[in-house]
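Examination of the molecular architecture
Residue-level listing of the chains:
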Amino acid sequence: MTISRRRFLSNLGWVGAPLVVRSGFGMVWRAQARSAARVSLDLERRRAVMDRRLLGAFLEHLGRAVYGGVYEPGSRLADSNGFRKDVMAEIRELGVPIMRYPGGNFVSGYHWLDGVGPKEKRPTVLDRAWNSIETNQFGTNEFIQWCRLVGTEPLLAVNLGSGTPEEAAALVEYCNVDKGTRWSELRRQHGFPEPHNVRYWCLGNEMDGPWQIGHMTAREYGRKAADAARQMRVLDRNLQLIACGSSSPSMPTWLVWDREVLEECYDVVDAISLHRYFSNAAGDSRRFVALNLSMERQILEVIAVCDYVRGLRRTRKRLWLSFDEWNVWYRERSGDGKRQFAPRLLEEIYNLEDALLVGGCLNTLLRQAERVRVACLAQIVNVIAPLVTNESGVLRQTIYYPYAWALKHARGAVLEPLIECETYEAAEAGTAPYVDIAATWDESARQAALFILNRDLDAERELRLEWRTAPARVLGCETLTGPDLKAVNTFEQPKRVVPQPWEAPAPGALMVLRLPPRSYTLLRLGFA
Ligand code: AHR
């Protein structure tokens, strides 16, 4: 048996030489292999101050996300606008800071004018992205109204596929100009005297993908995005504009696309997008629960490209990253709506191991918060989502829980823990520490939150927390775990995978926590 043990520092790099232990006495060495993980924490050692928009979500005109998800006039659960009250209550309770809309692939064939004005005059069209019927009964104004009701900020995407930069600029004028111009007056006629003041905008969606309506080369897209950005900024100088980066590291144009796009539009955009969906189609759960490390690498590679182009341009301006689609998605891949209205598409059912990886991805995003300012769990309801509706209510899927924890408790500064932990080889995810940690520190409340993934699928792990300043109180400790990695929540059994209280150590400079196997744990601490 061969066990490799290394020192893992801050999830960023390795220090120390690998220690390789060989033995014929499997059990003895096995016990040693499961040695404690050590984490040293100092409230003064900080990686970044997080932007809450890091914990956003996404609502696309796709399947039952809008129609039957957030909007269902006629349902006994809908309000007078037709918005599902139960779904609004869930999203309000989650406290989602920003919501991307209306796509996704959908946006690349969408004409926003179809979705505004009197509802009876709006056309029913064929959405060619998902081969579905789009009635346009829910459009920009309904989305903004809904955002205000659930307390989230809109992040609008413009159509740079079949649409033109002129149409994109017209939408900014419609949303953000007060009055006295063609499109601002149209908004006022439509019953919205106040501008919507939408600040964050995506310049198209996944334009590197051959599946995308209007797919083009990086140079073509970069020029089109620059043209759109210049026109949009005339309407509103305060916009934050996000260019389309590579839609996945698996694309043949990975990074080359990002470089070429930025060479064309660096000076007029603020950020570049990243997308990622994870799969366990291979059925290798050890590898799967480490895939957030490849997300981390993806982020670092895109930062490198941004800063390379920055160097070429000899500019002080530094771009930030928008990870505006991420999740587990591999089972329900068919995107053919067969010309139906609100068909059941991409209704992925999430299990415990998916929730563990989602927890890991949240840890990665928190660790990379210095450059990743916006990120969107894709999506929010029914379509690859933490929430699922039926005619009588809403179900919280397994992935809801790590997301809800981050939304509720990740605040303030992201700390830089120093971690010493045993590792294993996890295919393309690389060498993975068994224990993955992110920690935040809310100075005003004097509270810290630790988000801890135990990737050991078979055994408990001991975690030794060494604090430079000892916490005064344990505010709470909960864990998401269970005997079956494939367990799911259903409307019949909604509580199969839910957090449970977990025994916390007494507060102090050294705290020893037992992490259950295959678990994601939240530990909250108060400081004097
Ligand atoms: O979120 C589902 C789809 O995944 C989005 O429409 C697209 O941008 C991505 O490929």
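Residues numbered from 1 in each chain as written. Predicted model: local features only at pLDDT ≥ 70, side-chain atom pairs only at ≥ 80, totals over all residues. Heavy atoms only, no water.

Let's talk about the packing of helix α10 (residues 352-367) against helix α11 (residues 400-409)
Helix-helix packing is described using two parameters, namely the angle between the two axes and the distance between the axes. The contact between α10 and α11 brings their axes to 8 Å, and the two run at 25°. Between α10 and α11, the angle is such that the two are roughly parallel. Residues Ala355, Val358, Gly359 and Leu362 of α10 pack against Pro402, Tyr403 and Ala406 of α11. Its residues assigned to classes, the contact of α10 with α11 shows six nonpolar, one polar and no charged. (Axes fitted to C-alpha atoms, helices over the stretch in contact; angles between N-to-C directions. Helix = DSSP H or I, 4+ residues; strand = E, 2+ residues; numbered from the N terminus. Parallel < 35°, antiparallel > 145°, perpendicular 65-115°, else oblique. Contact = heavy atoms within 4.5 Å. Nonpolar A, V, L, I, M, F, W, Y, C, P; charged D, E, K, R; others polar.)

Quick word on the site of the ligand
In the vicinity of the ligand, the contacting residues are Phe58, Glu60, Gly104, Asn105, Trp130, Asn205, Glu206, Tyr277, Glu325, Trp329, Gln379 and Ile384. For the ligand, an oxygen atom lies 3.0 Å from a polar atom in the side chain of Asn205. At 2.7 Å, a side-chain N or O of Glu206 approaches an oxygen atom of the ligand. In the complex, 94% of the free accessible area of the ligand, which totals 280 Å², lies under the protein chains. Among the cavities detected, the one that contains the ligand is the largest pocket. Residues of the shell around the ligand, tallied by class, amount to five nonpolar, four polar and three charged. (Near = heavy atom within 4 Å. Polar contact = N/O pair within 3.5 Å; in protein donor to acceptor, adjacent residues only side chain to side chain. Areas by Shrake-Rupley, 256 points an atom, 1.4 Å probe, with all protein chains shown as cover. 1 Å grid on protein atoms, 1.4 Å probe; cavity = no way out; pocket = protein on both sides within 12 Å on 5 of 7 lines; lining within 4 Å. Sits in = over half its atoms within 2 Å of the grid points.)

Focus on unusual backbone geometry
Backbone torsion omega between Tyr101 and Pro102 reads 5°, so that peptide bond is classified as cis. Relative to the helices and strands, Pro102 is located in the loop between β6 (98-101) and β7 (125-127). Along the chain, Ala378 connects to Gln379 via a cis peptide bond; the corresponding omega equals 5°. Mapped onto the elements of the fold, Gln379 is located in the loop between β15 (372-378) and β16 (387-390). Even without being a glycine, Asn197 presents a positive backbone phi close to 50°. Within the element layout of this structure, Asn197 appears in the loop between α5 (182-189) and β10 (200-203). The phi dihedral of Arg339 falls on the positive side, at around 55°, and the residue is not glycine. Relative to the elements of secondary structure, Arg339 occurs in the loop between β13 (320-328) and β14 (340-341). Taking the relative accessible area as the measure of exposure, Arg339 reaches 56% and is therefore exposed. (Buried < 20%, exposed > 50% of the residue type's maximum accessible area, 1.4 Å probe, protein only.)

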